[in-house]
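# Secondary and tertiary structure notes
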Amino acid sequence: MKTRFWIWFQMLIVVAFACATPIILEANHAFHNANTKTIRIPFRYVQSFIILDLQLEHLIPVKLIFDTGAEHTILFEKKWTDVFSNPYQREIKVIGSDLQQELPAWLTTPIAFYFGNIFSVSSPIIVLKENITNISQVIGEPIQGILSASVFKQFLIEIDYKNRFIILHHPDAEPKNNYTKIKIQIYKNKPYLQTEVRSNDTNSQVLNLLLDTGASLSLMMYTDSSSAVVVPDKIIPGYLGSGLGGVLSGFVGKIHSISFDSFLMPGVITHFLKLETKIAKNESLNKDGLIGNLLLDKFNIILDYKKELLYIKALKNYKKILNYDKSGMLLISGGKELESYYVAHIIPGTPAALAGIKEQDQILKVNRLPVSFLSLSSINSILQKEEGKKIKLTIRRNQKKLKFTFYLKSLI
């Protein structure tokens, strides 16, 4: 018997990197009782995705994106679970990120996730019959799937972006008074926050937004949601993300501000997505958009699934306005080891497009530095520098080496 799972997640892109350290058990000082033992799971922050390194059944090493915006844990390929004896319960269908395609998949029996030798948790997994996501190319390293944050929902889940830890606390622990407590809604294992969004000086709306650590953007809003989202006058076509079944395309602009309780952040880069299918429009009945890592990482965050509460503490410079690409290019990695970089998309009329850069060009040097010395994150950082900065690229096109020069320009 086939079952249909309505699952939509998006994994969106920007920049950052950090190294992980071993798992340890120790006290955490975000809570009143400093003697309370906690489980600390290190993560790496790559292209503004939270990446966890773990093992399936203490045998198969995998890298998964930690995702509060995913109802279920998903693996992109069957080969990781085929090695186990009778792992599958039944066939199911998954709706892709474009909210149109039905993707064949399997639902497994509970499988144990091991985080080092200290902590493990078991959960069924949805396994795609065919890998059709290019998220590894977007991030720049192999990614085997996503881990739904709900596998930890019996704990208080702290996300320490500064020190790169997921910290699991006893469900009855109490955060210190320097954390702001905000009521949220948990729906289908996902947290939603009523958030004030100001599109311009005069327009203010309260939107129901998904808190989504599987999205490496700041804010995305549905232009045809029930709240009639106002789109800024200055927008550009934008590649919004890559997930199951394809890519998401829309527009990017900058809104006046967004507020979490008393925390106001100005000049927020915002992605706008029009939902055109019936399934997509049903999705917008439950939420008006999402908040991704590029806003969430301005805070220390604690999620209480049981009591439906969010605790947040602002980090230093949380009001700092984010940079955005000023070249007009979207780059992805390629090759067996994902060590090569290619132009995946060009926005017409932008500096890179006017200079003559084309899609499928392979980047060889950036400002005379060979890409073997650079990561995808570091190249993206260069392309977000100040307006007017000179960029020199050496590229390979049709087996020929070509050189281009352009100057960065603010696009939104």
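All values derive from a computational prediction rather than experimental measurement.

### Concerning the overall build of the chain
Each helix and strand in the chain was counted, giving 5 helices and 32 strands. Looking at the chain as a whole, 57% of its 412 residues qualify as buried. For the chain, restricting intrachain contacts to residue pairs at least 6 apart in sequence, the fraction spanning at least 24 positions comes to 65%. Accessible area for the chain stands at about 17,900 Å²; split by element, carbon and sulfur atoms hold 50% of it.

### Notes on the pattern of salt bridges
Per the stated rule, a full pass over the model turns up 7 salt bridges. The salt bridge partner of E141 is K63, with a shortest N-O separation of 3.2 Å. In this pair, E141 is assigned in the loop between α1 (135–139) and β13 (145–148) and K63 in strand β6 (residues 60–67), connecting sequence segments 78 residues apart. The salt bridge partner of K78 is D82, with a shortest N-O separation of 3.0 Å. A relative accessible area of 40% means that D82 is categorised as partly exposed. Because the salt bridges share partners, they merge into one network encompassing R44, D53, K63 and E141.

### As for the packing of aromatic side chains
For the coordinates displayed, the defined rule picks out 14 aromatic pairs. Judged by centre distance (6.4 Å) and plane angle (70°), the rings of F43 and Y45 are edge-to-face. Given the relative accessible area of 0%, F43 is considered buried. Looking at Y45, the relative accessible area reads 3%, which means it is buried. The interplanar angle of 35° and the centroid separation of 5.3 Å between the aromatic rings of Y88 and W106 together place this pair among those described as tilted.

### Details of a positive patch on the surface
Taken together, K365, R368, K390, R396, K401 and K403 make up a surface patch of like positive charges. At the level of elements, β31 (390–397) and β32 (400–407) are the ones that each hand at least two residues to the positive patch. Within the secondary structure layout, K401 lies in strand β32.

### Remarks on the confidence of the model for the chain
Of the residues in the chain, 83% reach a pLDDT of 70 or more, and the chain-wide mean stands at 84. Mean pLDDT in the chain bottoms out at strand β2 (residues 24–27), which sits at 40, and peaks at strand β14 (residues 156–160), which reaches 97. Note on residues 1–27: pLDDT is under 50 here. Beyond four places in sequence and across chains, it has 127 contacts.

### Examining unusual backbone geometry
A positive phi angle, close to 50°, is found at N367, a residue other than glycine. Following the sequence through the fold, N367 ends up in the loop between β29 (362–366) and β30 (369–370).

### Notes on the environment of A355
Mapped onto the elements of the fold, A355 is located in helix α4 (residues 351–355). The class of A355 is partly exposed, set by a relative accessible area of 25%. Taking the C-alpha atoms as reference, A355 lies 6.0 Å from F406; in sequence the two are 51 residues apart. Excluding residues within four positions of it along the chain, A355 makes contact with F404, T405 and F406.

### Let's talk about the pairing of strand β28 (residues 340–346)
Pairing of strand β27 (residues 329–334) with β28, which is carried by 6 bridges, proceeds in the antiparallel orientation. Bridging across to β28, L331 finds its partner in V343. Between β27 and β28, which pair antiparallel and follow one another directly, the connecting turn spans 5 residues, one of which, G335, has a positive phi of 90°. Where β28 meets β29, 2 bridges bridge the pair, whose relative direction is antiparallel. Counted as the bridge partner of Y342 is Q362 from β29.

### Some thoughts on the side chain of Q144
Topologically, Q144 is positioned in the loop between α1 and β13. Residue Q144 is classed as buried on the basis of its relative accessible area, which comes to 11%. Only 2.7 Å separates the side chain of Q144 from the backbone nitrogen of K63, close enough to count as a polar contact.

### Let's talk about the pairing of β32
Across 8 bridges, β31 lies against β32 in antiparallel orientation. Looking at the pairing, T394 lines up with K403 of β32. Counting the residues that bridge the hairpin from β31 to β32 gives 2 residues, and of these N398 lies at a positive phi of roughly 55°.

### Comments concerning the environment of Q384
Assignment of secondary structure puts Q384 in the loop between α5 (376–382) and β31. A relative accessible area of 14% places Q384 in the buried class. It is 5.5 Å that separates the C-alpha atoms of Q384 and K326, two residues lying 58 residues apart in sequence.

### Description of a nonpolar patch on the surface
Together, V231, I235 and F251 make up a nonpolar patch on the protein surface, roughly 210 Å² of accessible area in all. Judged by relative accessible area, V231 falls into the partly exposed class, the value being 31%.

### Remarks on the side chain of H169
As for its position among the elements, H169 is in strand β15 (residues 165–169). Of the residues examined, H169 reaches a relative accessible area of 2% and is grouped as buried. At a separation of 2.6 Å, a polar atom in the side chain of H169 contacts the side chain of E158.

About the criteria used
- Residues numbered from 1 in each chain as written.
- Predicted model: local features only at pLDDT ≥ 70, side-chain atom pairs only at ≥ 80, totals over all residues.
- Heavy atoms only, no water.
- Helix = DSSP H or I, 4+ residues; strand = E, 2+ residues; numbered from the N terminus.
- Buried < 20%, exposed > 50% of the residue type's maximum accessible area, 1.4 Å probe, protein only.
- Contact = heavy atoms within 4.5 Å.
- Areas by Shrake-Rupley, 256 points an atom, 1.4 Å probe, with all protein chains shown as cover.
- Salt bridge = Lys/Arg side-chain N within 4 Å of Asp/Glu carboxyl O.
- Phe/Tyr/Trp six-rings, centres within 6.5 Å; stacked < 30°, edge-to-face > 60°.
- Patch = residues over 30% accessible without salt bridge, like charges linked within 9 Å, V, L, I, M, F, W, Y side chains within 5 Å.
- Lys, Arg positive; Asp, Glu negative; His and termini not counted.
- Charge placed at Lys NZ, Arg CZ, Asp CG, Glu CD.
- pLDDT = per-residue confidence, 0-100.
- Pairing = 2+ DSSP bridges.
- Polar contact = N/O pair within 3.5 Å; in protein donor to acceptor, adjacent residues only side chain to side chain.

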